[in-house]
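# A structural walkthrough
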Amino acid sequence: DKNIYIPGGFKVFLTSGQKIILNNDAFIFSNSPWIAIGSENIINISGNDNNFGGGILIRAKNEKSHFKNVIFSNLKGPGDNIKNEFLIFGSLNFYESNVELNNIEFKNINSEDAINIFRSNFSISNAKFDQIISDGIDFDFSNGSAFNLSFENIGNDALDFSGSKAKIDGFYTKFTGDKILSAGEMSTIEVSNIKSSDSFSGIVS
């Protein structure tokens, strides 16, 4: 129920079935990479139904974090009690820190972005997003690839790129409040195998 600060020089390990419950907008700031691998049992990182948690910022320069078989829920991003010097807006944030995401799910997220990736290399596969109040994933000046993404009930953009390069294969959206894909600020995006319905806009560059 309070913010946690993890210094550099470590690795944060989560194993199958473990849970992190964040209350009262609690936020985790980590200068060390995370290895969160669920196998038989999913890892859960969440707030409570009536008491949303904040989220996580990983700022482990030139190191790689890996999340696999993890569910994120009931998170709202940085609260008013946080000095937002890194301009982070997501429930899960990577700042100059490379990341691999496999078999992940985000649901009931009240932050500006479910995921914010800033100046980082990324690889994402089999990711599901549902009941996101604003953007699904926001990429800022980042490069990478994503495969098999699903978005439903998204308040704003499903994918929002700024100054980024990405290849997306397998992209499903339904009930998107704004754009299914936004490519801005000189982004170069290659996207294939799209299926979308009931959204305000399609692909906007």
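See the structure above.
Quick look at the structure, then. These figures come from a predicted structure and were not determined experimentally. (Residues numbered from 1 in each chain as written. Predicted model: local features only at pLDDT ≥ 70, side-chain atom pairs only at ≥ 80, totals over all residues. Heavy atoms only, no water.)

## A look at unusual backbone geometry
Heads up, the condition is: A simple rule labels every residue: compare its accessible area, found with a 1.4 Å probe on the protein chains alone, to the largest value its type can have, and call it buried under 20%, exposed over 50%, or partly exposed in between. Note on conventions: DSSP H or I runs of at least 4 residues are helices, E runs of at least 2 residues are strands, and numbering of each starts at the N terminus.
One non-glycine residue, N69, lies in the positive phi region at around 55°. On the basis of relative accessible area, N69 is assigned to the buried category, the value being 15%. A positive phi angle, near 55°, is found at N108, a position not held by glycine. Looking at where N108 falls in the secondary structure, it is placed in strand 10 (residues 98-109).

## Topic: the pattern of salt bridges
Filter applied, for reference: Definition used for salt bridges: Asp or Glu carboxyl oxygen within 4 Å of a side-chain nitrogen of Lys or Arg.
Applying the stated rule across the entire model yields six salt bridges. Put simply, E100 and K64 hold a salt bridge, and the shortest N to O gap is 3.1 Å. Highlighted residues: E100 in strand 10 and K64 in strand 8 (residues 64-75), separated in sequence by 36 residues. Residue classification places K64 among the partly exposed residues on the basis of a relative accessible area of 48%. For the salt bridge of K179 with D157, the shortest nitrogen-to-oxygen distance reads 3.3 Å.

## Points about the packing of aromatic side chains
Rules: Think of it this way: a Phe, Tyr or Trp ring, Trp meaning its six-membered ring, pairs with another when their centres are within 6.5 Å, and the plane angle makes it stacked under 30 degrees, edge-to-face over 60, tilted otherwise.
Counted by the stated rule, this structure contains 13 aromatic pairs. Ring geometry for F151 and F171: centres 5.9 Å apart, planes at 85°, overall edge-to-face. Taken together, the residues F151 in strand 14 (residues 143-154) and F171 in strand 16 (residues 165-184) connect sequence positions 20 residues apart. For the pair shown, F151 and F171 are each scored as buried.

## Section: the side chain of H66
Put simply, the rule reads: Within 3.5 Å is the distance limit for a polar contact, defined as a pair of N or O atoms, with the added protein rule that one can donate a hydrogen and the other accept it, and that residues adjacent in sequence qualify only through two side-chain atoms. Residue contacts are counted whenever heavy atoms from the two residues lie within 4.5 Å of one another.
Topologically, H66 is positioned in strand 8. A polar atom in the side chain of H66 sits 2.6 Å from the side chain of N102. Ignoring sequence-local partners within four residues, the contact set of H66 consists of W34, I35, A36, I37, E100 and N102.

## Side note on the side chain of S182
Turning to its location among the elements, S182 is positioned in strand 16. Residue S182 is classed as buried on the basis of its relative accessible area, which comes to 12%. If near-sequence neighbours (up to four positions away) are discounted, S182 is found in contact with D157, L159, D160, F161 and V204.

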